[in-house]
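A closer look at the structure
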Protein chains: 2
Amino acid sequence: MMMHQLIRELREEENKSKIVLLVADGLGGLPMEAGGKTELESARTPNLDTCVREGVCGLSIPVLPGITPGSGPGHLALFGYDPLEYRIGRGVLEALGINFQVGEKDVAVRGNFCTVDDAGLITDRRAGRPTIERCIDMCSKLQQIRIPGVEIFVEPVREHRFVVVFRGDGLGDGVNDTDPQKTGHEPLKAKGSDENSEKTARIVNQFVAEARRVLRNDAPTNMVTLRGFSRNPKIETMQQVYGLRSAALAVYPMYKGLARLVGMDVADAGTSLDEQISTLRKIWNDYDFFFLHYKYTDTTGEDGNFHAKVESIERLDGELPKIMALNPEVLIVTGDHSTPSRLRSHSWHPVPTLLWSRTCRPDPVTEFGESYCLRGGLGQFQAMYLLPLALANAGRLGKFGA
Amino acid sequence: MMMHQLIRELREEENKSKIVLLVADGLGGLPMEAGGKTELESARTPNLDTCVREGVCGLSIPVLPGITPGSGPGHLALFGYDPLEYRIGRGVLEALGINFQVGEKDVAVRGNFCTVDDAGLITDRRAGRPTIERCIDMCSKLQQIRIPGVEIFVEPVREHRFVVVFRGDGLGDGVNDTDPQKTGHEPLKAKGSDENSEKTARIVNQFVAEARRVLRNDAPTNMVTLRGFSRNPKIETMQQVYGLRSAALAVYPMYKGLARLVGMDVADAGTSLDEQISTLRKIWNDYDFFFLHYKYTDTTGEDGNFHAKVESIERLDGELPKIMALNPEVLIVTGDHSTPSRLRSHSWHPVPTLLWSRTCRPDPVTEFGESYCLRGGLGQFQAMYLLPLALANAGRLGKFGA
């Protein structure tokens, strides 16, 4: 990647500056009705607004205009990686989220317990969302399955979700999802798109047949579907590319996994923003770059709960002074994508973004919000350029060319 | 380069239009304090503002967001070349600046006279900034050095600066700088990164040892360091790519060199903006494209002298009517990068840019300045697209596709 090569040439090794990337997941939104305000525009955010007045704003495009990203590409872009070049399968992401290190011979896949009727047709794609205890029990049954030529790992995640990793020589990941994505159908057969992936598909079909057998008396968790067969992408670490000692402070597994994928250390950050910031304070001297992930702007948006999303933004705003009290050189507040409550899903809309530092060129924006950011000095930009901008503002990049 | 191929397909050969590119070096700036104005926003610029009202404005990104360019990449972008694709070493740039044509068998390098103590440790990296007369004298001593198998040219620049060109078969330019960049150290040994560059390095080390010997009684100019070993990059000319007969009107050597690199004729433009514009008038009928370089917006910025930078902008504004009187089809006023007085150095901040023509779509901007340009019709754009825009506004580009 040209940008990475350039950064390697220009980055300064001796620099003590601190960069905080605060990702409010799904931050961007939409008004509920014509003439209304978005969630962010509706929220009372005095602390963010102070940073906005001193800093520079804009709208980030996570991948390309019109493209709605999942959490993987959305975060990779914010970490300074082109999400079109670096692709991460769902299986690998899920495995990383439970601290399962996917190795070179591994194909990882996300598993879901589901319920099938006597005819084998799916009646509940999430098996009634079992407890974690049941998820663990059921996974231990699946762990008994043996297939010659491969090692199989089955690890619980939570509710109906688990991870399977197939380890063996010559396994490809060009295999379709077995989840038909709707009830009333049988799980799909796995098929491989090439020779190595056909080998994987044969093993997968054996595994699923065995799973059906060992779970036959365990309704509603009496069957499995598999999604997102994927191998570990080889990604250079943020230390290697950007020269940053990086730490992730996330509550949810997937974001820890994403951070691990680019070589971040994952701190034990508890289960709340308050605990995340306490941890941030503790490890402040040990790292250069801190990724703080805040999930609730996304979950409330996915729930279609406009007011809850507004409140989650206001809670975040309330914690901001604790971060600023640590005196970072650069603070970025943005999202990995938009999640408008009105759409109840991720969307393609550009994401309001704030970059605060002592060397940014101020712009006329005085409040944080989608329509205000339109007038911001960062303009509309591809999210993957945010990290180079952060390095520049932190004094971490030398001059390009004589 | 895709853009160049496109331009070759679309450009119209019969066109008498005139394009003026006025580069105010380091034009972009920053306010000195929160809520303040930048240098350009502070300057009284009635003539520029008239063009702004009639034209279209925006902010140009010289290389990529966050990347601070040197003069080389900054100008190449303005000349319509991707600065990431076309890289120019310091040695070649310096050689071109003194009208030394670097040939195919040449490796050029920038030399600095420095002062070393009896132990050979550098005490002054610039040898007390000698006069040009002394620089010439010392270079003539270095010109006596002979090394079998290569031809060596040593040419004075000014103060402590000179150029060395090694001419011979199979010389590589993958050689490190011998300047340790700090005092108290010996100059570094040259090492080559490949076989051809090792050959260069051996010759360089012999040259430096000889230089030490011939200068031993000439303190403070009693040693040399070498930076930026480079070969001549093969760059298609602006005539070849853009179909433009181009002339450069610059005072400082480096900018003349950059212009030569893309095939511009370098006019004898004197030593002041007034003389540059007199020359412009004289050669007006002989060319299609005129690159006027104005240095003082950069030097005042590098000096950290906000008020002097404001004055230098106002002086430039005062000369603008003389250019407009020549009735160009297109006038561009921009910088190759920002040089905020507050930072006393080049920076990554986007550069205020004005494009005036009779076919541009006017925007709401009425004054020239960073924050005003944010609302401009050019938006934020990569600087290398400015030249195609100029061609379009000059009626020099046909339609792409049927």
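Residues numbered from 1 in each chain as written. Chains lettered and ligands numbered in written order. Predicted model: local features only at pLDDT ≥ 70, side-chain atom pairs only at ≥ 80, totals over all residues. Heavy atoms only, no water.

Details of the pattern of salt bridges
Within this structure, the stated rule accounts for 33 salt bridges over all chains. Note that B:Glu94 and B:Arg110 form a salt bridge whose closest N and O atoms lie 3.6 Å from each other. Here B:Glu94, found in helix H5 (residues 90–97), pairs with B:Arg110, found in strand E3 (residues 106–116); they are 16 residues apart in sequence, far enough to count as distant. The exposure class assigned to B:Glu94 is buried, which follows from its relative accessible area of 6%. Here B:Arg110 falls in the buried class, since its relative accessible area comes to 9%. The partner of B:Asp169 in a salt bridge is B:Lys105, with the nearest N and O atoms 2.9 Å apart. Of this pair, B:Asp169 sits in the loop between strand E6 (161–167) and helix H7 (195–214) while B:Lys105 sits in the loop between H5 and E3, and the two are 64 residues apart along the sequence. Each of A:Glu94, A:Arg110 and A:Arg161 takes part in salt bridges that share partners, so that together they form one network. (Salt bridge = Lys/Arg side-chain N within 4 Å of Asp/Glu carboxyl O. Helix = DSSP H or I, 4+ residues; strand = E, 2+ residues; numbered from the N terminus. Buried < 20%, exposed > 50% of the residue type's maximum accessible area, 1.4 Å probe, protein only.)

A few points about the relation of the copies chain A and chain B
For these two chains of identical sequence, chain A goes onto chain B by a turn of 124° and a shift of 0.3 Å along the axis, with RMSD 0.2 Å. This pairing of chains is accounted for by a three-fold axis. Nearest to the rotation axis, the C-alpha of A:Arg375 is located 4.0 Å from it, this being the minimum over chain A. (Least-squares fit on C-alpha atoms with pLDDT ≥ 70 in both.)

Notes on the environment of B:Ile313
Residue position: B:Ile313 is located in helix H12 (residues 306–324). Along the chain, B:Ile313 and B:Gln144 lie 169 residues apart, while their C-alpha atoms are 45 Å from each other.

Notes on a negative patch on the surface
Residues A:Asp173, A:Asp194, A:Glu195 and A:Glu198 make up a contiguous surface patch of negative charge. The class of A:Asp194 is partly exposed, set by a relative accessible area of 35%. (Patch = residues over 30% accessible without salt bridge, like charges linked within 9 Å, V, L, I, M, F, W, Y side chains within 5 Å. Areas by Shrake-Rupley, 256 points an atom, 1.4 Å probe, with all protein chains shown as cover. Lys, Arg positive; Asp, Glu negative; His and termini not counted. Charge placed at Lys NZ, Arg CZ, Asp CG, Glu CD.)

A closer look at the interface of chain A and chain B
Taken residue by residue, the interface counts 29 residues in chain A and 31 residues in chain B. Note on chain A versus chain B: buried area summed over both sides is about 2300 Å², and carbon and sulfur give 66% of it. Interface area lost by chain A to chain B is led by A:Arg361, A:Phe400 and A:Ala402, which between them contribute 37%. In this structure, the connection of chain A to chain B is made through 1 salt bridge. Between B:Arg87 and A:Glu9 there is a salt bridge whose closest N-O contact spans 2.8 Å. Scanning the region where chain A abuts chain B turns up 11 residue pairs in polar contact (both at pLDDT 80 or more). No other element matches helix H1 (residues 2–10) of chain A, which puts 6 residues into the side of chain A that touches chain B. The class makeup of the residues in the side of chain A that touches chain B is 16 nonpolar, 7 polar and 6 charged. (Contact = heavy atoms within 4.5 Å. Buried area = accessible area lost by both parts, 1.4 Å probe. Polar contact = N/O pair within 3.5 Å; in protein donor to acceptor, adjacent residues only side chain to side chain. Nonpolar A, V, L, I, M, F, W, Y, C, P; charged D, E, K, R; others polar.)

Observations concerning the sheet that holds strand E13 (residues 379–382) of chain A
Paired through backbone hydrogen bonds, the strands of a sheet run either parallel or antiparallel to each other. Residues and elements named next belong to chain A. Pairing is mixed across the open sheet formed by 8 strands, whose spatial order is E9-E8-E10-E1-E11-E12-E2-E13. One side of each edge strand has no neighbouring strand; the edge strands of this open sheet are strand E9 (265–266) and E13. As paired elements, strand E2 (residues 56–61) and E13 share 4 bridges and run parallel to each other. Paired with leucine 59 across the two strands is glutamine 380, which belongs to E13. The strands that helix H12 (residues 306–324) touches are strand E1 (19–24), strand E10 (289–294), strand E11 (330–334) and strand E12 (351–357); relative to E1, the one it contacts most, it runs at about 170°. (Pairing = 2+ DSSP bridges. Axes fitted to C-alpha atoms, helices over the stretch in contact; angles between N-to-C directions.)

Considering helix H1 (residues 2–10) of chain B
All names here are of chain B. The complete set of buried residues in H1 reads Met3, His4, Ile7 and Leu10. When H1 is viewed along its axis, its buried side chains cluster within an angular range of 135° and face the same direction. Exposed positions of H1 whose direction lies more than 90 degrees from the buried face are Met2 and Glu9. (Arc of directions from axis to C-beta.)

Overview of the packing of aromatic side chains
Residues and elements named next belong to chain A. With the rule as written, the count across this model stands at 20 aromatic pairs over all chains. When the centroid spacing of 4.9 Å and the interplanar angle of 75° are considered together, the rings of phenylalanine 79 and phenylalanine 291 count as edge-to-face. A residue pair is termed long-range when its members are at least 10 positions apart, and phenylalanine 79 in the loop between helix H4 (71–78) and helix H5 (90–97) and phenylalanine 291 in strand E10 qualify at 212 residues. Given a relative accessible area of 0%, phenylalanine 79 falls into the buried group. Here phenylalanine 291 falls in the buried class, since its relative accessible area comes to 0%. On the numbers, 4.5 Å between centres and 40° between planes, the contact of phenylalanine 113 with phenylalanine 162 is tilted. With phenylalanine 113 in strand E3 (residues 106–116) and phenylalanine 162 in strand E6 (residues 161–167), this residue pair connects regions lying 49 residues apart in the sequence. For phenylalanine 162, a relative accessible area of 0% translates into the label buried. Here the aromatic cluster, defined as three or more aromatic residues joined through ring pairs, consists of Tyr81, Tyr86 and Tyr242. (Phe/Tyr/Trp six-rings, centres within 6.5 Å; stacked < 30°, edge-to-face > 60°.)

Some words on the packing of helix H10 (residues 273–283) of chain B against H12(B)
All names here are of chain B. Relative orientation of the contacting elements H10 and H12 amounts to 10°, with a least axis distance of 11 Å. Overall, the two elements H10 and H12 adopt an arrangement that is roughly parallel. Between H10, through Leu273, Asp274, Ile277, Leu280 and Arg281, and H12, the contact on the second element is made entirely by Leu316, Glu319, Lys322 and Ile323. For the contact of H10 with H12, the per-class residue count stands at 5 nonpolar, no polar and 4 charged. (Parallel < 35°, antiparallel > 145°, perpendicular 65-115°, else oblique.)

A few points about unusual backbone geometry
Residues and elements named next belong to chain A. Cis geometry is adopted by the peptide bond preceding proline 220, which originates at alanine 219 and carries an omega value of 10°. When you line up the elements, proline 220 lands in the loop between helix H7 (195–214) and strand E7 (223–230). In this model, arginine 344 sits at a positive phi of 55°, which is unusual for a non-glycine residue. Mapping arginine 344 onto the fold places it in the loop between E11 and E12.

Describing the confidence of the model for chain A
Looking at chain A as a whole, its pLDDT mean stands at 96, while 100% of the residues score no less than 70. Two summary scores accompany this predicted model of the complex, namely pTM at 0.90 and ipTM at 0.89. (pLDDT = per-residue confidence, 0-100.)

Thoughts on the state of the cysteines
Applying the stated criterion across every chain yields a total of 0 disulfides over all chains. A disulfide-free cysteine, A:Cys360 has its sulfur positioned 9.0 Å from the sulfur of A:Cys57, the nearest such atom. (Disulfide = S-S within 2.5 Å.)

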